[in-house]
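Below are the chains, spelled out letter by letter.
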Amino acid sequence: MIGVVVLIAIPLVIFIGGLVSIVSSSRYTVFGKIIWIVVTFAFPILGPIVWFIWGRNAESIVKN
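Residues numbered from 1 in each chain as written. Predicted model: local features only at pLDDT ≥ 70, side-chain atom pairs only at ≥ 80, totals over all residues. Heavy atoms only, no water.

(A) A look at the packing of aromatic side chains. In the structure shown here, the tally under the stated rule is four aromatic pairs. Where Tyr28 meets Trp51, the ring centres are 5.6 Å apart and the plane angle is 50°; that geometry is what we call tilted. Taken as a pair, Tyr28 in the loop between helix 1 (2-24) and helix 2 (30-42) and Trp51 in helix 3 (residues 46-55) lie far apart in primary sequence, 23 residues in all. A residue is classified by how much of its surface remains accessible, and Trp51, at 0% relative accessible area, is buried. A centroid spacing of 5.2 Å and a plane angle of 70° characterise the contact between Trp36 and Trp51, whose relative ring orientation is edge-to-face. (Phe/Tyr/Trp six-rings, centres within 6.5 Å; stacked < 30°, edge-to-face > 60°. Helix = DSSP H or I, 4+ residues; strand = E, 2+ residues; numbered from the N terminus. Buried < 20%, exposed > 50% of the residue type's maximum accessible area, 1.4 Å probe, protein only.)

Below, the structure written as C-alpha cells:
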C-alpha cells in the first residue's frame, strides 16, 4: 500500500512543482510560460523534468 502511494505521490509532486515553478518564473514571457505549461500537461512526467533541467535556467530569453 505504501509503495502505491509513493508511486502516485512522487510524479504528482514533480508535476505540481513544475507548474508552480513555470508560473512563478521571471525569465519567460506569458507566451513562453504557456508553451511550457502545454508541454507539462502533454508529458506529465517528462515535461516537468525537462523544465527543471533545461528550461528553468535558460539564459537567452528576451522580455518585451
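(B) Expanded view of the packing of helix 2 against helix 3. Running from N to C, helix 2 and helix 3 cross one another at 140°; their axes reach a closest spacing of 7 Å. Looking at the two axes, helix 2 sits oblique to helix 3. Counting all contacts with helix 2, which are made through Trp36, Val39 and Thr40, the residues of helix 3 involved are Gly47, Pro48, Val50, Trp51, Trp54 and Gly55. Across the contact of helix 2 with helix 3, the residue classes tally to six nonpolar, three polar and no charged. (Axes fitted to C-alpha atoms, helices over the stretch in contact; angles between N-to-C directions. Parallel < 35°, antiparallel > 145°, perpendicular 65-115°, else oblique. Contact = heavy atoms within 4.5 Å. Nonpolar A, V, L, I, M, F, W, Y, C, P; charged D, E, K, R; others polar.)

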